[in-house]
Amino acid sequence: MFSMLMEQDICFFCNGYYGPTHGEYVCGTCHLFLYADEQNPNIVSYINVLDENDSGNDEPSESQLSSERYPRNVSCSPRNGIQRSLYERVKQLSNVTPERLKNTNIDHMTKLPPEVFFIIFRHLDSLSLWTLSVACKYLTELIHVDMSEEKWKDQVSKFWPLYKPMYADSWYMTFSKLVLSAPCKTCLGKMMRDIENKSDSMGVIDKPRHMQRIKHDMMTMKHDPPEGVYATPIDDNLIHWSAAVHGPANSPYEGGIFYLYMEFPYAYPLYPPKIRFITRIFHPNISRHGDIGLDRIANDWSGALTIAKILISIQSLLTDPYCKVCMEPAIAKLYETNRNEFNRIATEWTYKYAMNDILPAAPFNSYNCDKSA
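This structure is a prediction, so every number in the text was calculated from the model and none was measured.

## Comments concerning the overall build of the protein
Along its length, the protein carries 16 helices and four strands. For the protein, with 373 residues in total, the buried portion stands at 40%. Summarising the internal contacts of the protein: among those between residues at least 6 apart in sequence, 62% fall at separations of at least 24. With an accessible surface of roughly 22,400 Å², the protein has 54% of that area assigned to carbon and sulfur atoms.

Here it is, written out as structure tokens:
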């Protein structure tokens, strides 16, 4: 039952109805609806503008259809002068299977000059480049030419500033391990884009109260840090933070370092920060998406809570889960009925996902195509 949480091929919610998951636990369509607040606010506002005067029951006019859906400057003539019926075109789409796509000849890609790809790479972020590198061996070779080890090291330091490896044979492989350890690559990508932008969609901070309180918490973490928890700001506005929680001793999480992403609102400390694990963990109160089921940072929030107290509460939750109301009922049931099996799986997850600082990067191969294809 729990092995599927590690290698998920079918969406947990729609059971594959809306599409593949590409190694995630949720497909892109379900993620868009279930975690709508995590999406691009510009897209949401654009949808709201379109639906502002629409009751949902009105049929579009002919002018709307012609101007919005069918631009006049687009030619709709059939290729090679062959007119195909709708049935034939639908049948062609239904014939596109994963096996057929896998056997597709990609010689046209290898014939393009490398300079074309280098120009494309300049417009991609590090996560997109990494995704391309594990998709095709030919692109991997080009990306390694374009992205040096020093650049991959800079990306690790930017998005995981608290990551301190004992040794690193390859910073590209280190970046790969940290990405593969994340519960949700979609949210990881959003986090990276927010950090790159240095601020969220509301603009530059102009709230002195927010800055004063954040700076006070930051000084407390610097001069009197609690044992086993760390936090540091990532951007100049002190909105985006990276945190790390060490697994408590004598627990299945011992030896692991679990990274968290914290996003503080402008109304902090009146409102709690958004906190999510960006390291997978097997726990009843932490969802497979990385969300934390802790009342102190949700419904029972108090402005007296500091960053240090928040992280201490999360660390205490690791050894004292609350199973009556939790994020993962199946894991909670296992915790209550078979503690030895729970500890075995939790230890396995800790070893696999939360010990990237001491374990060497194992080579992996996720190529979907090959240069010789």
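## Regarding the confidence of the model for the protein
Caution is warranted with low-pLDDT regions, since their predicted coordinates should not be read in detail. Here the protein shows a mean pLDDT of 78. Residues at 70 or above account for 71%. Within the model, the stretch residues 39-52 combines pLDDT values under 50 with four contacts to residues more than four positions away or in other chains. Long-range and interchain partners of residues 64-81, a stretch whose pLDDT sits below 50, account for five contacts in this model, where long-range means more than four residues apart.

## Regarding the state of the cysteines
If you walk through the whole model with that rule in mind, you get zero disulfides. Cysteine Cys11 remains unbridged, with the sulfur of Cys14 as its closest cysteine sulfur at 3.6 Å.

## What to know about the sheet that holds strand 2 (residues 240-246)
If you trace the four strands from one edge of the open sheet to the other, you get 1-2-3-4, paired in antiparallel fashion. On the outer flanks of this sheet lie strand 1 (229-233) and strand 4 (274-277), each paired with one strand and no other. Looking at each pair of strands side by side, their axes are set apart by 20° on average, direction ignored.

## Some remarks on the pattern of salt bridges
The tally for this structure, following the rule as stated, stands at seven salt bridges. The shortest N-O distance in the salt bridge between Lys158 and Glu196 comes to 3.2 Å. Here Lys158 is found in helix 10 (residues 149-159), whereas its partner Glu196 is found in helix 12 (residues 185-197), with 38 residues between them in sequence. Close ionic contact of Arg344 with Glu341 constitutes a salt bridge, the shortest N to O distance being 2.7 Å. With Arg344 and Glu341 both in helix 16 (residues 339-353) and three residues apart, the pair spans about one turn of that helix. In this structure Arg344 comes out as partly exposed when scored by relative accessible area, which is 45%. Linked through salt bridges whose partners overlap, the residues forming this network are Glu341, Arg344 and Glu348.

## Thoughts on the environment of Tyr268
Tracing the sequence through the fold places Tyr268 in the loop between strand 3 (257-263) and strand 4. As for Tyr268 and Ile239, which are separated by 29 residues in sequence, their C-alpha atoms are 10.0 Å apart. A distance of 2.6 Å separates the side chain of Tyr268 from the side chain of Asp217, its partner in a polar contact.

## Focus: the packing of helix 8 (residues 126-133) against helix 12
At a minimum axis separation of 9 Å, helix 8 and helix 12 run at an interaxial angle of 140°. The angle between helix 8 and helix 12 places the two elements in the oblique class. Residues Ser126, Leu127 and Trp130 of helix 8 pack against Lys185, Leu188, Gly189 and Met192 of helix 12. When its residues are assigned to classes, the contact of helix 8 with helix 12 shows four nonpolar, two polar and one charged.

## Digging into the pairing of strand 3
Among the seven residues that make up strand 3, seven are buried, leaving the element largely enclosed by the rest of the structure. Of the two faces of strand 3, the one lined by Ile257, Tyr259, Tyr261 and Glu263 and the one lined by Phe258, Leu260 and Met262 are each fully buried. Looking at chain direction, strand 2 and strand 3 are connected through seven bridges and run antiparallel. Within the sheet, the bridge partner assigned to His240 lies in strand 3 and is Glu263. In terms of strand pairing, strand 3 meets strand 4 through four bridges, oriented antiparallel. Along strand 4, the bridge assignment pairs Glu263 with Lys274.

## Focus on the packing of aromatic side chains
Taken as a whole, this structure holds 17 aromatic pairs when the rule is applied. Aromatic side chains Trp241 and Phe264 sit 5.8 Å apart centroid to centroid with 65° between the ring planes, which places their arrangement in the edge-to-face category. Of this pair, Trp241 sits in strand 2 while Phe264 sits in the loop between strand 3 and strand 4, and the two are 23 residues apart along the sequence. Neither Trp241 nor Phe264 differs from the other in exposure class; each is buried.

## Focus: helix 7 (residues 114-121)
Here helix 7 has its buried residues at Phe117, Phe118 and Phe121. The arc that holds every buried residue of helix 7, seen down its axis, measures 105°, which confines them to one face.

## Looking at a nonpolar patch on the surface
Side chains of Leu112, Val116, Ile120 and Leu124 sit close together on the surface and give an oily, nonpolar patch of about 280 Å² of accessible area. For Ile120, the location among the structural elements is in helix 7.

## Describing the nonpolar core
One finds Ile292, Ile307, Leu311 and Ile314 to be the most contacted residues of the largest nonpolar core, which totals 42 residues. Listing elements by their share of this core, those giving two or more residues are helix 13 (208-223), strand 1, strand 2, strand 3, strand 4, helix 14 (307-319), helix 15 (329-337) and helix 16. Not counting the four nearest positions on each side in its chain, Leu311 is found in contact with Met221, Val229, Tyr230, Ala231, Ala243, Val245 and Met262. Ranked by size, the runner-up nonpolar core spans 35 residues in total, among them Ile143, Tyr172, Ile234 and Ile257.

## Things to note about unusual backbone geometry
Cis rather than trans, the peptide bond between Tyr268 and Pro269 has omega equal to 10°. Along the chain, Pro269 falls in the loop between strand 3 and strand 4. We note that Asn250 has phi near 60°; this positive angle belongs to a residue other than glycine. Among the secondary structure elements, Asn250 is positioned in the loop between strand 2 and strand 3. Assessed through its relative accessible area of 77%, Asn250 is described here as exposed.

Definitions and cut-offs
Residues numbered from 1 in each chain as written. Predicted model: local features only at pLDDT ≥ 70, side-chain atom pairs only at ≥ 80, totals over all residues. Heavy atoms only, no water. Helix = DSSP H or I, 4+ residues; strand = E, 2+ residues; numbered from the N terminus. Buried < 20%, exposed > 50% of the residue type's maximum accessible area, 1.4 Å probe, protein only. Contact = heavy atoms within 4.5 Å. Areas by Shrake-Rupley, 256 points an atom, 1.4 Å probe, with all protein chains shown as cover. pLDDT = per-residue confidence, 0-100. Disulfide = S-S within 2.5 Å. Pairing = 2+ DSSP bridges. Axes fitted to C-alpha atoms, helices over the stretch in contact; angles between N-to-C directions. Salt bridge = Lys/Arg side-chain N within 4 Å of Asp/Glu carboxyl O. Polar contact = N/O pair within 3.5 Å; in protein donor to acceptor, adjacent residues only side chain to side chain. Parallel < 35°, antiparallel > 145°, perpendicular 65-115°, else oblique. Nonpolar A, V, L, I, M, F, W, Y, C, P; charged D, E, K, R; others polar. Phe/Tyr/Trp six-rings, centres within 6.5 Å; stacked < 30°, edge-to-face > 60°. Arc of directions from axis to C-beta. Patch = residues over 30% accessible without salt bridge, like charges linked within 9 Å, V, L, I, M, F, W, Y side chains within 5 Å. Core = buried A, V, L, I, M, F, W, Y, C linked by side-chain atoms within 4.5 Å.

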